Amino acid sequence: MAADSAGAHTPRAGTLYRVIARLMAEGLVKEADLRGTPAHPGLERRYYALTAAGRRALGAEAARLKGTAAVAARRLGTAEGR
């Protein structure tokens, strides 16, 4: 996750699992069955996947964040022009 965000977001394990539990309760994420996937020695792994509702929610959030970033960019452009 840290690599996906260029190090901007590095949640602790306890935080991550609480978030996953909340997303599952909201129907946005489900536990995925990846039998046959090589496991880490000594550690049982769980895999998760977005549901269709989760993909829609992610798309909506990405659009919202893009809009927020555009507003910030415009404001910065205005501030630089002063």
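Draft legend 1. Expanded view of the side chain of T51. Inspection of the secondary structure assignment puts T51 in the loop between strand 2 (47-50) and helix 2 (52-80). Judged by its relative accessible area of 16%, T51 is buried. Among the polar contacts made by the side chain of T51, one reaches the main-chain amide nitrogen of G54 at a distance of 3.0 Å. Once you skip the residues sitting within four places of it in the chain, T51 turns out to touch G27, L28, V29 and K30.

Draft legend 2. Spotlight on the layout of surface pockets. As a volume, the largest pocket reaches approximately 500 Å³. Around the largest pocket sit 15 residues that line it, and V19, L23, V29, L50 and L58 are the ones nearest its centre. Looking at the lining of the largest pocket, the elements with two or more residues in it are helix 1 (13-25) and helix 2. Ranked by residues supplied to the lining of the largest pocket, first place goes to helix 1 with five residues. The class makeup of the residues in the lining of the largest pocket is eleven nonpolar, three polar and one charged. Approximately 160 Å³ is the volume found for the second largest pocket.

Criteria and cut-off values
- Residues numbered from 1 in each chain as written.
- Predicted model: local features only at pLDDT ≥ 70, side-chain atom pairs only at ≥ 80, totals over all residues.
- Heavy atoms only, no water.
- Helix = DSSP H or I, 4+ residues; strand = E, 2+ residues; numbered from the N terminus.
- Buried < 20%, exposed > 50% of the residue type's maximum accessible area, 1.4 Å probe, protein only.
- Polar contact = N/O pair within 3.5 Å; in protein donor to acceptor, adjacent residues only side chain to side chain.
- Contact = heavy atoms within 4.5 Å.
- 1 Å grid on protein atoms, 1.4 Å probe; cavity = no way out; pocket = protein on both sides within 12 Å on 5 of 7 lines; lining within 4 Å.
- Points joined across faces, edges and corners; volume = space filled by probe spheres on them.
- Nonpolar A, V, L, I, M, F, W, Y, C, P; charged D, E, K, R; others polar.

The values reported here are purely geometric and, on their own, carry no functional implication.
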